2 protein chains.
Amino acid sequence: MARNAHPEVTEQRIIDTARDLFMEQGYEQTTIQDIVDRLGDLSKGAIYHHFASKEAILDRLVSDNMHMLDKWRSIVIERTDLNALEKIREMCRLSTPGQDHYDLIRMSMPLLDDPNYFIENMHFWSHELPARWLPLVKEGMQDGSIPTEYPQEATEILCLLTSYWLVPYFFPVTPEQLKRRIECAAIMLNAINVPLFDDEMKELALKLYSNITR
Amino acid sequence: MARNAHPEVTEQRIIDTARDLFMEQGYEQTTIQDIVDRLGDLSKGAIYHHFASKEAILDRLVSDNMHMLDKWRSIVIERTDLNALEKIREMCRLSTPGQDHYDLIRMSMPLLDDPNYFIENMHFWSHELPARWLPLVKEGMQDGSIPTEYPQEATEILCLLTSYWLVPYFFPVTPEQLKRRIECAAIMLNAINVPLFDDEMKELALKLYSNITR
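Residues numbered from 1 in each chain as written. Chains lettered and ligands numbered in written order. Predicted model: local features only at pLDDT ≥ 70, side-chain atom pairs only at ≥ 80, totals over all residues. Heavy atoms only, no water.

Section: the relation of the copies chain A and chain B
Part 1 of the argument: Expressed as a screw transformation, the operator carrying chain A onto chain B has a rotation angle of 180° and an axial translation of 0.0 Å, and the superposed copies differ by an RMSD of 0.1 Å. Here the symmetry operator amounts to a two-fold rotation axis. Residues of chain A ranked by C-alpha distance from the rotation axis are headed by A:Met188, positioned 2.3 Å from it.
Part 2 of the argument: Taken together, the interface assignments show that 100% of the residues at the interface of chain A recur at the interface of chain B, consistent with an identical surface on both copies. (Least-squares fit on C-alpha atoms with pLDDT ≥ 70 in both. Contact = heavy atoms within 4.5 Å.)

A few points about the domain arrangement of chain A
All names here are of chain A.
Part 1 of the argument: Assigned domains within chain A: domain 1 (1–51) and domain 2 (54–210).
Part 2 of the argument: In this complex, domain 1 contributes 14 residues to the contact, which on the side of domain 2 involves 14 residues.
Part 3 of the argument: Across the interface of domain 1 and domain 2, roughly 1400 Å² is buried in total on both sides, 71% from carbon and sulfur atoms.
Part 4 of the argument: Connecting domain 1 to domain 2 are 1 salt bridge.
Part 5 of the argument: Arg60 is the salt-bridge partner of Glu11, the closest N and O atoms lying 3.1 Å from each other. (Domains from an automatic or database assignment. Buried area = accessible area lost by both parts, 1.4 Å probe. Salt bridge = Lys/Arg side-chain N within 4 Å of Asp/Glu carboxyl O.)

A closer look at the interface of chain A and chain B
Part 1 of the argument: The interface is formed by 28 residues belonging to chain A together with 28 residues belonging to chain B.
Part 2 of the argument: Together chain A and chain B conceal approximately 2700 Å² of surface at their shared face, both sides included; 72% is due to carbon and sulfur atoms.
Part 3 of the argument: Linking chain A with chain B are 4 salt bridges.
Part 4 of the argument: The closest approach of N and O atoms between A:Glu153 and B:Arg180, which form a salt bridge, is 3.5 Å.
Part 5 of the argument: Seen at the junction of chain A and chain B, the total is 10 residue pairs in polar contact (both at pLDDT 80 or more).
Part 6 of the argument: Among the elements of the structure, helix 7 (115–143), helix 8 (151–165) and helix 9 (175–191) of chain A are those that each provide at least two residues to the side of chain A that touches chain B. (Polar contact = N/O pair within 3.5 Å; in protein donor to acceptor, adjacent residues only side chain to side chain. Helix = DSSP H or I, 4+ residues; strand = E, 2+ residues; numbered from the N terminus.)

Some points on the packing of aromatic side chains
Part 1 of the argument: Inspection of every chain in the model, using the stated rule, returns 16 aromatic pairs over all chains.
Part 2 of the argument: Here B:Phe118 and B:Tyr164 contribute two aromatic rings whose centre-to-centre distance is 6.2 Å and whose plane-to-plane angle is 65°, an arrangement assigned as edge-to-face. In this pair, B:Phe118 sits in helix 7 (residues 115–143) while B:Tyr164 sits in helix 8 (residues 151–165), placing the two residues 46 residues apart along the sequence. Exposure class is identical for B:Phe118 and B:Tyr164. Each is buried.
Part 3 of the argument: Consider the rings of B:Tyr164 and B:Phe170, whose centres lie 5.0 Å apart with planes at 45°: the pair is tilted.
Part 4 of the argument: The exposure class assigned to B:Phe170 is buried, which follows from its relative accessible area of 9%.
Part 5 of the argument: Put simply, the rings of A:Phe118, A:Trp125, A:Tyr164, A:Tyr169, A:Phe170 and A:Phe171 pair up and form one aromatic cluster.
Part 6 of the argument: The ring of B:Tyr27 carries B:Lys54 above its face, with NZ or CZ at 4.3 Å from the centroid.
Part 7 of the argument: The aromatic ring of B:Tyr169 is capped on one face by B:Arg214, whose charged end is 4.0 Å from the ring centroid. (Phe/Tyr/Trp six-rings, centres within 6.5 Å; stacked < 30°, edge-to-face > 60°. Buried < 20%, exposed > 50% of the residue type's maximum accessible area, 1.4 Å probe, protein only. Lys NZ or Arg CZ within 6 Å of the ring centre and 35° of its normal.)

Side note on the UniProt feature "domain: HTH tetR-type" (unreviewed entry) in chain A
Part 1 of the argument: This chain's UniProt record puts "domain: HTH tetR-type" (unreviewed entry) on residues 8–69 of chain A.
Part 2 of the argument: For residues 8–69 of chain A, the helix share is 79%, the strand share is 0%, and the end-to-end C-alpha distance is 21 Å. (UniProt positions renumbered as here; feature names shortened; annotations may be inferred.)

Focus: the nonpolar core
Part 1 of the argument: Grouped together as the largest cluster of nonpolar side chains are 140 residues, with contacts concentrated most on A:Phe170 and B:Phe170.
Part 2 of the argument: Apart from the residues lying within four places of it in its own chain, the contact partners of B:Phe170 are A:His127, B:Met109, B:Leu112, B:Phe118, B:Trp125, B:Ser163 and B:Tyr164. (Core = buried A, V, L, I, M, F, W, Y, C linked by side-chain atoms within 4.5 Å.)

Some words on the UniProt feature "DNA-binding region" (unreviewed entry) in chain A
Part 1 of the argument: As annotated by UniProt and renumbered to match this structure, "DNA-binding region" (unreviewed entry) occupies residues 32–51 of chain A.
Part 2 of the argument: Secondary structure content for residues 32–51 of chain A is 75% helix and 0% strand, and the end C-alpha separation is 10 Å.

Things to note about the pattern of salt bridges
Two side chains of opposite charge can pair, provided their charged atoms sit close to one another.
Part 1 of the argument: Following the criterion strictly, the structure yields 30 salt bridges over all chains and no others.
Part 2 of the argument: Between B:Lys202 and B:Glu183 there is a salt bridge, with the nearest N and O atoms lying 3.2 Å from each other. Of this pair, B:Lys202 sits in helix 10 (residues 199–210) while B:Glu183 sits in helix 9 (residues 175–191), placing them 19 residues apart in sequence.
Part 3 of the argument: Each of the salt bridges in this network shares a partner with another, and the network as a whole consists of A:Glu11, A:Arg60 and A:Asp64.

With respect to the environment of B:Asp34
Residues and elements named next belong to chain B.
Part 1 of the argument: Along the chain, Asp34 turns up in helix 2 (residues 32–39).
Part 2 of the argument: When the C-alpha atoms of Asp34 and Ala18 are compared, they prove to be 8.6 Å apart, with 16 residues separating the residues in sequence.
Part 3 of the argument: When neighbours within four sequence positions are excluded, Asp34 is seen to be in contact with Leu21, Gln25 and Gln29.

Description of the packing of helix 8 of chain A against helix 9 of chain A
Residue and element names in this part refer to chain A.
Part 1 of the argument: Where helix 8 meets helix 9, the closest approach of the two axes is 11 Å, and the angle between their N-to-C directions is 175°. Judged by the angle between their axes, helix 8 and helix 9 are roughly antiparallel. Here helix 8 contributes Leu158, Leu161 and Trp165 to the contact with helix 9, which in turn contributes Arg181, Cys184, Ala185, Met188 and Leu189.
Part 2 of the argument: A breakdown of the residues in the contact of helix 8 with helix 9 according to their chemical character gives 7 nonpolar, no polar and 1 charged. (Axes fitted to C-alpha atoms, helices over the stretch in contact; angles between N-to-C directions. Parallel < 35°, antiparallel > 145°, perpendicular 65-115°, else oblique. Nonpolar A, V, L, I, M, F, W, Y, C, P; charged D, E, K, R; others polar.)

If you want it as structure tokens, here you go:
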């Protein structure tokens with residue numbers, strides 16, 4: 001095989017193929033050899049030249065996906081036909097089951113069994129993620145759609161609840177219990193005037209979380 | 001020195017001396033050599049025979065303290081002159097600044113920089129700690145002092161907020177911001193009929209948390 005002058009093309013092929021295989025047969029069940037076999041023209045060594053491990057490929061898929069989601073978000077943020085609360089709800093719709101983004105979250109959960117990866121994510125959910133949502137919550141205070149007096153606190157708690165506490169991977173629950181938890185989160189967020197969870201959002205959350213199990 | 005026939009006596013002497021030194025000059029500033037010097041009649045090797053490291057001594061102090069607190073708790077739980085909510089508040093008073101328990105929490109925070117220790121604790125705060133409080137919350141549903149419909153959810157969120165989100169070591173804040181956070185937690189818990197935070201408890205929380213900084 002000729003030496004590849006465009007490593008980013010090879011990397012993208014590896015990522016795309018790995019994603020297909022992860023989706024088809026599950027992340028745990030997929031081996032680097034499966035990726036080699038599917039690609040056909042790359043050796044195991046060539047793959048390891050680009051990615052240190054299967055985890056590194058998944059990690060890249062997750063971060064690529066994060067960037068795509070950020071791009072979607074910035075498009076929604078620019079919309080002038082929605083108030084801030086409607087914008088947040090529209091962004092939540094982007095994470096619906098059936099979408100690649102959702103499947104990736106579900107698939108990458110076992111990565112969180114690694115203490116360092118978990119802490120990295122807990123830090124992200126606790127600080128960086130709230131910082132990304134804060135401008136939108138403040139916009140909602142301005143346009144009246146999120147009349148809270150606790151923007152900083154609300155975004156932090158929202159992220160902590162939706163990234164950790166509502167996730168059955170961390171808190172194993174029955175569907176009925178999950179429904180109660182979403183209801184409970186809705187009541188608490190309503191109490192600080194963050195009326196994110198209407199019936200549609202509750203339904204969406206139920207669908208989204210009920211498959212993110214251990 | 002004669003060979004010690006009662007290792008638990010030696011261990012307790014090491015623990016007591018270490019605790020004194022940690023309190024006097026801070027955990028970080030205290031070395032095993034300091035403990036040797038203060039004890040006078042034990043070698044460094046003798047200390048390492050009982051404890052693998054300075055962290056192990058602190059870890060033991062923390063778990064001894066946990067047991068003492070559990071004993072206090074069980075005494076409060078048996079009281080017949082308090083309703084469940086008053087019992088929980090009485091237990092919160094046991095953690096007031098100035099008490100050994102409180103100083104130990106504050107001192108042991110840097111241990112949480114270790115990913116494995118953090119995860120162990122996050123698991124404790126998420127699952128075991130709520131399980132300990134749940135019977136008391138259910139008692140409050142019976143006696144009318146905690147008229148919530150979300151006992152499981154409430155104990156989990158209460159523990160998550162009070163063990164993690166309200167702790168300035170994890171979320172650095174000004175005293176003014178800390179006051180707002182306590183107010184925000186109070187409003188949200190009130191919304192699910194867990195009226196834990198009255199003015200006294202808010203004041204107590206402010207005192208307790210304002211010193212648990214990084």
